[in-house]
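Here are the chains, one letter per residue:
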Amino acid sequence: MLAALILVLAVGGLLAWQAERYGANAPRWIALMTLIVDGALLIPYFAGGFPEAGVWLDDIRLHWIPRFGISFHLGLDGVSLLLVVLTIFLGLMAVAASWTEIRERVGFFHFNLLWTLAGVLGVFLALDLFLFFVFWEIMIVPMYFLIALWGHENRAYAAIKFFLFTQVSGLLMLLAMVVLVIIHQRDAGVYTFDYFDLLQTSLELNTAWWLMLGFFIAFTVKLPGVPFHTWLPDAHTQAPTGGSVILAGVMLKTGAYGLLRFVIPLFPETVADFSPIAMGLGVAGILYGGMLAFAQSDMKRLVAYSSVSHMGFVLVGLFAWNALALQGVVITLLAHGISSAALFVLAGAVQERIHTRDMNRMGGLWTDVPRMAAIGLFFSVAALGMPGLGNFIGEFLVLLGAYRVDAAMTAAAALGLIIAPVYSLILIQRAFHGETREIHRIRDFGARELALMGFLIVATVWIGMYPQSMLDVSDTWLKNSLRGWGEGVAQPNDSQPPGERLADRGEP
Amino acid sequence: MLNYLGLIPLFPLIGFLILVASQGNMPRRWVPWIGAGSVGLSAVLAALVGIEFLSGSLEPYRQTLWTWMRVGHFASGFSLYLDALSLNMMFVVTGVGFLIHVYSVGFMADDAGYARFFAYMNLFVFAMLVLVLADNLVLLYLGWEGVGLCSYLLIGFWYENPENGAAARKAFVMTRVGDTAMAIGLFLLFARLGTLDIQALLNRASAAWPVGSGMAALAALLLLGGAVGKSAQLPLQTWLPDAMAGPTPISALIHAATMVTAGVYLIARTHTLFELAPAVLQLVAAVGAVTLLIAGFTALTQRDIKRILAYSTISQIGYMFLALGVTAFSSAIFHLTTHAYFKALLFLAAGAVIHSYHHEHDIFRMGGLRKRLPIAFWSFVIGSAALTALPFTSGYFSKHEILASAFHAENGFWFWAAGTLGALLTGIYSFRLVFIAFFGPENERASEHLGFAMSVPLILLGALALLGGFVSMPLGSVFPRSEPGELGLIAGIFTDLAPLVGVGIAVLLYLLRTYPVEALTETRWGDMLHRFWFSGWGFDWLYGKLLVNPFRWLAAVNSSDIADDIYRGIAAASQYAHRAFAATQTGQLRWYVAAFTGGTVLAIALGILS
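These numbers were taken from a predicted model, which means no experiment stands behind them.

Asker: Quick rundown of the overall build of chain B? Include the residues and the values.
Answerer: Summing up its helical and strand segments, chain B has 25 helices and two strands in all. In terms of its C-alpha atoms, chain B occupies a principal-axis envelope of roughly 110 × 60 × 60 Å. Here chain B has roughly 23,800 Å² of accessible surface; of this, 68% comes from carbon and sulfur atoms. Separation between the mean location of the 32 positive side-chain charges and that of the 31 negative ones in chain B comes to 7 Å.

Asker: Which residues make up the overall build of chain A, and what values do they have?
Answerer: Along its length, chain A carries 20 helices and two strands. For 508 residues, the compact-globule estimate of 2.2 N^0.38 gives 23 Å, and the C-alpha radius of gyration of chain A, at 22 Å, lies within 12% of that figure. Going through the 508 residues of chain A one by one, you find that 66% of them count as buried. For chain A, long-range pairs separated by at least 24 residues make up 81% of all intrachain contacts whose partners lie at least 6 apart in sequence. Seen as two clouds, the 28 positive and the 35 negative side-chain charges of chain A have centres 10 Å apart.

Asker: So, empty space enclosed by the protein: which residues are in play, and what are the values?
Answerer: All names here are of chain B. Under the defined criterion, the tally for this structure stands at eight cavities of 30 Å³ or more. In terms of lining, the largest cavity is formed by 16 residues, of which the most central are Gln 237, Thr 238, Pro 241, Tyr 311 and Gly 536. Among the elements of the structure, helix H9 (239–242), helix H13 (278–301), helix H14 (305–325) and helix H23 (539–557) are those that each provide at least two residues to the lining of the largest cavity. Grouping the constituent residues of the lining of the largest cavity by class yields six nonpolar, six polar and four charged.

Asker: Describe in detail the packing of helix H10 (residues 241–266) of chain A against helix H12 (residues 299–320) of chain A, supporting the description with residues and values.
Answerer: All names here are of chain A. The geometry of H10 relative to H12 is characterised by a closest axis approach of 11 Å and an angle of 15° between their N-to-C directions. Taken together, the axis directions place H10 and H12 in an arrangement best described as roughly parallel. Judged by the twist between their axes, the crossing of H10 over H12 is right-handed. Contacts between H10 and H12 involve Thr 241, Ser 244, Leu 252, Lys 253, Ala 256, Leu 259, Leu 260 and Ile 264 from the first element and Lys 300, Ser 307, Met 311, Val 314, Leu 315, Leu 318 and Phe 319 from the second. Partitioning the contact of H10 with H12 into residue classes produces ten nonpolar, three polar and two charged.

Asker: Describe in detail the domain arrangement of chain B, supporting the description with residues and values.
Answerer: Along its sequence, chain B is carved into domain 1 (280–469 + 500–515) and domain 2 (560–609). Computed from C-alpha atoms alone, the centre-to-centre distance between domain 1 of chain B and domain 2 of chain B is 81 Å.

Asker: Help me get a handle on the pairing of strand S1 (residues 61–71) of chain B, residues and values and all.
Answerer: All names here are of chain B. Of the pairings in the sheet, the one linking S1 to strand S2 (residues 74–82) comprises nine bridges and is antiparallel in character. Across the sheet, the residue bridging to Val 71 is Phe 74, located in S2. The turn linking S1 back onto S2 is made up of two residues, and Gly 72 within it adopts a positive phi angle of 55°.

Asker: Any chance you could break down helix H6 (residues 155–188) of chain A for me, citing the residues and the numbers?
Answerer: With 34 residues, H6 of chain A ought to run about 50 Å at 1.5 Å a step, and its terminal C-alpha atoms sit 48 Å apart, in line with that. Of the residues trailing H6 of chain A, Gly 189 of chain A is marked for its positive phi of about 90°.

Asker: Describe a nonpolar patch on the surface, listing the residues and the values that go with them.
Answerer: All names here are of chain B. On the surface, a cluster of nonpolar side chains totalling about 700 Å² of accessible area is made up of Leu 489, Ile 490, Ile 493, Phe 494, Leu 497, Leu 500 and Val 501. Position of Leu 497 relative to the elements: it lies in helix H20 (residues 489–511). Owing to a relative accessible area of 42%, Leu 497 belongs among the partly exposed residues under this scheme.

Asker: How would you explain the confidence of the model for chain B if you had to name every residue and give the values?
Answerer: The predicted structure's coordinates, where accompanied by low pLDDT, should not be read in detail. Per-residue pLDDT for chain B has a mean of 88; in total, 99% of the residues score no lower than 70. Reported confidence for the predicted complex is 0.88 by ipTM and 0.89 by pTM.

Asker: Mind laying out the interface of chain A and chain B, listing which residues take part and the relevant values?
Answerer: Contacts between the two partners involve 64 residues from chain A, matched on the other side by 55 residues from chain B. Summing both sides of the interface, chain A and chain B together bury roughly 5,100 Å²; the carbon and sulfur share of this comes to 70%. When the area that chain A buries against chain B is broken down by residue, the three leading residues are Met 291, Phe 396 and Tyr 403 of chain A, summing to 12%. At the junction of chain A and chain B, the tally comes to one salt bridge. The salt bridge involving Lys 161 of chain A is made with Asp 564 of chain B; its shortest N-O contact spans 2.9 Å. Inspection of the chain A/chain B interface yields 13 residue pairs in polar contact (both at pLDDT 80 or more). Looking at the side of chain A that touches chain B residue by residue, the classes come out as 42 nonpolar, 14 polar and eight charged.

Asker: Quick one: what's the story with the packing of aromatic side chains, residue by residue and with numbers?
Answerer: A complete count under the given rule lists 66 aromatic pairs over all chains for this structure. Consider the rings of Trp 416 of chain B and Phe 494 of chain B, whose centres lie 6.4 Å apart with planes at 90°: the pair is edge-to-face. Remark: Phe 494 of chain B occurs in helix H20 and Trp 416 of chain B occurs in helix H18 (residues 412–438); sequence separation between them is 78 residues. Given a relative accessible area of 7%, Trp 416 of chain B falls into the buried group. Aromatic rings pair up to connect Phe 392, Phe 396 and Tyr 403 of chain A together with Trp 66, Trp 68, Phe 74, Phe 78, Tyr 141, Phe 187 and Phe 190 of chain B into one cluster.

Asker: Please give an account of the pattern of salt bridges that cites residues and values.
Answerer: A side chain with one charge can pair with a side chain of the opposite charge if their charged atoms come near. All names here are of chain B. Applying the stated criterion to the full structure yields 21 salt bridges over all chains. Across the pair Asp 135 and Arg 62 runs a salt bridge, and its minimum N-O distance is 3.0 Å. Taken together, the positions of Asp 135 in the loop between helix H4 (114–133) and helix H5 (137–155) and Arg 62 in strand S1 put the pair 73 residues apart, joining distant regions of the chain. With its nearest N and O atoms 3.1 Å apart, the salt bridge here joins Arg 365 to Glu 360. Since its relative accessible area comes to 52%, Arg 365 is described here as exposed.

Asker: Now, about the side chain of His 101 of chain B: what can you tell me, with residues and values included?
Answerer: Here His 101 of chain B lies in helix H3 (residues 84–107). On the basis of relative accessibility, which here comes to 0%, the residue His 101 of chain B falls in the buried class.

Asker: Please set out helix H7 (residues 198–208) of chain B residue by residue, giving values where relevant.
Answerer: Think of an α-helix as 3.6 residues a turn; residues three or four steps apart then line up on the same face. Residues and elements named next belong to chain B. Those residues of H7 not exposed but buried are Ile 198, Gln 199, Leu 201, Leu 202 and Ala 205. Mapping the buried residues of H7 onto a view down its axis gives an arc of 160°, with all of them on the same face. Exposed side of H7, more than 90 degrees from the buried face: Asn 203 and Ala 207 are the residues found there. Those residues of H7 that are buried lie in contact with S1, S2, H5, helix H6 (162–193), helix H11 (262–269) and helix H12 (271–275).

The rules we used
Residues numbered from 1 in each chain as written. Chains lettered and ligands numbered in written order. Predicted model: local features only at pLDDT ≥ 70, side-chain atom pairs only at ≥ 80, totals over all residues. Heavy atoms only, no water. Helix = DSSP H or I, 4+ residues; strand = E, 2+ residues; numbered from the N terminus. Areas by Shrake-Rupley, 256 points an atom, 1.4 Å probe, with all protein chains shown as cover. Lys, Arg positive; Asp, Glu negative; His and termini not counted. Charge placed at Lys NZ, Arg CZ, Asp CG, Glu CD. Rg over C-alpha atoms; globule rule 2.2 N^0.38 Å. Buried < 20%, exposed > 50% of the residue type's maximum accessible area, 1.4 Å probe, protein only. Contact = heavy atoms within 4.5 Å. 1 Å grid on protein atoms, 1.4 Å probe; cavity = no way out; pocket = protein on both sides within 12 Å on 5 of 7 lines; lining within 4 Å. Points joined across faces, edges and corners; volume = space filled by probe spheres on them. Nonpolar A, V, L, I, M, F, W, Y, C, P; charged D, E, K, R; others polar. Axes fitted to C-alpha atoms, helices over the stretch in contact; angles between N-to-C directions. Parallel < 35°, antiparallel > 145°, perpendicular 65-115°, else oblique. Left-handed = near helix turned anticlockwise from the far one by under 90°. Domains from an automatic or database assignment. Pairing = 2+ DSSP bridges. Expected span 1.5 Å × (residues − 1). Patch = residues over 30% accessible without salt bridge, like charges linked within 9 Å, V, L, I, M, F, W, Y side chains within 5 Å. Salt bridge = Lys/Arg side-chain N within 4 Å of Asp/Glu carboxyl O. pLDDT = per-residue confidence, 0-100. Buried area = accessible area lost by both parts, 1.4 Å probe. Polar contact = N/O pair within 3.5 Å; in protein donor to acceptor, adjacent residues only side chain to side chain. Phe/Tyr/Trp six-rings, centres within 6.5 Å; stacked < 30°, edge-to-face > 60°. Arc of directions from axis to C-beta.

Rendered as structure tokens:
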């Protein structure tokens, strides 16, 4: 079942590529159908209810390169299930958003889109570090093509920058991974890349620090955290709408996922020492990203920097490592995925119509395109953390949890709540409110775009008003990751993630 | 009946959704039926619920709609809580809110954004009802931010003018500053007490913290941060005058009667916590006292009819804070209620003037409107009388209670003196407005066409402003019983005379002009003082210099992201190296031979030397 999730996308991608000869619409429909089929494969996991004990809803393990202990090991638990749903959902949105924007090499576009998604799904499911690395690389290459071939005016620069950043950081991860495997081999006598086996590795503190840093940097580049964020504004801005949706909505989440699945569980002792630094980086990202977002006049760049700010909350929450903060992280990942995807679709729609992203040339668009403006307002308001909409739940829980770990740091992070409206509302002001600076005779959202936005709006309200439905799904993962590590591979108590402060301390 | 409580906020929400879904395509004549009708339904239901509640034992009533979020020990539900305090607020929000909606049907009739206006208004009423009915602080925070959003949307309702947008953003961001303090307060309360359900939290706070404990003070202080932001008190008061950029019914509903008093409600709601921190209570009273004076002096100098009323609102909320600070909680809520009547009346009357007199805001360009705008005039007279607390108007009762309570509190003399001086100022600035705008030679250019929709709310609010002081909610079931105490002869005379003296001064300065005020403002010091007061005591200037400009400057100089320079540097360095090494590939044999020889010699030399 899990392998099928990835396989369907890969095959669908090939089909879409080949189907171009039957007209430009064929790849679009094939991509859409592929994603729907993929989504349908997930239904059984929701139908079955969620186990109280034992995290893994499903797993599959096949031998691959036995000599080095590499296996094709996929597993699905609550948090990966939510992220997989997000990936497929936003994949659908990306296809819908590209429907009229992409007119050249339509087949190859959808091939790349689906293969990126396949790579992302692999990242969310892999439980073998080598396999994880393979998927990590698979998702980068097609994304490079998406930016380089269908991007905007400065696409070559952005694509190469994106590629280099992720490649160099991926190399660090590979190095750290290999060293970890070798150390494990010295202790245990066998080569293995398996996640559960490697969790048992005992490391000297000094070595652990370096290995942890290798993983941390790789994932923080992707997240992105300050100061490794500078690839993001270029990549997001230059990518076609569908690419931006996938980048912001899904690909950034792989960084967060890596941190929560690998870095913290693998190196619990070091993480305890490191967490003030990581949380500090998170706070820096919140404030610095927010300030940069405010300074931009390019609409997509503004949204891109706002992602840096929002992902800062993720970093803070992850390294606070308690139930509240982690649930907040999961919700933030989902909510930010949706709201930033929506804002990129919106920016893409504006650009498709008036051929500029420069907000100095917009203004007063509300009068011409009230639907676009109202939807833009909705998602800006969601992004600034309005209670009742998704992003608030995530950020609130993160801060609520982080406060118990580090009150001062949390107070600093909360300043982000002041900066968020500063940049979100300036977007509304410059694009939709104010005087009309140039006359644009443009059409408002049509049925396809309204439907697309409708889904995103419903999702945002749902997360905001009834987050419990998602919290319940990730809860099983959470209980186990805070306690030990899964059934049958339960860790000895002394190697629990950093000390007592990692456990939810409950009532005072 | 009580179990229909959840429907009261639901009606306006449905109204909002219908209006949004119609995307402005709804026939205009339907819009008021949805927009005002939904709030009307809420008001009727609130009245029915209220009657049942008041005829019962006054025991608080709880209704949980659904679990919002639950993580470990943290749980927050969509739960409503009804007691005399929230009932009082609910009456104000739905009752006064409904009258203002009806008024808006007439006031906004010609506006292109008719449906959008009512959509935002309905959303506001929904959020405000959630705020006052919330059983836990997270849900309260939802309402709290929701009303802030609607305030932003409605201040910037006429979005073509960038100034309105700036005012709207200023309001949102400044209140967000306070809200963030409040959010941190919530984090702290949860970390220490393990719950955010208001009643459980207050019980645990009393059990865990002794009176005067530092933690209670810190928590109360953080909540106070939220309250001063929302209620436009020192030091976060400067957004409210600018918020007058919105349509006038908004100023009446949001920036006078309901939202700006949310801070007062918050402190009253969590009064147990504040009572654990007497020092913070003193601060609350001091904030109120200083704010009411600063705003009162500022109101003396304004020319814009709505800005005068805005500063007066800040000043009157100062009284409410003063009352809270001296633990006269029910007096604070009483004043909140009467203030909602008379200030809504004043704003709506100001709207009637603006509506009838060519959208004019400057009182010095009015004058002589008394005969031409009779309804507006009498509304202003009644409203100003209640605002000034002339005997037997609604404002008289509530303000008198506050001053009497203040007199007996710790440091009470000073609070009482500030309040009494403020009452004098109120008399001057209220009737300054009335005399300048309405008296003098008859104005030919004005004509009053208010219609049914606009005049009926004015008349009803006028009646409430006059008589509302005779009814009050049994708030003793919520707050610790405190008798206001008697003022004694001398203080009593001062308290009762101060407003009258204020009116008398206004008569001399502005009506009879026995002592023309220009004689004062044209002196050197008078002029400086006048300009200082006119600017709202320079707060905008100060914040601009200290916060806004540095932030803008930093953002502007760093707009291309200094962190990227590192990577651009690496890229440039490798390109430079690339060019340098490429230059060695000349293709000329002698260069290669020379380099080869030189390298060999160097290698041998290194080998020998080491």
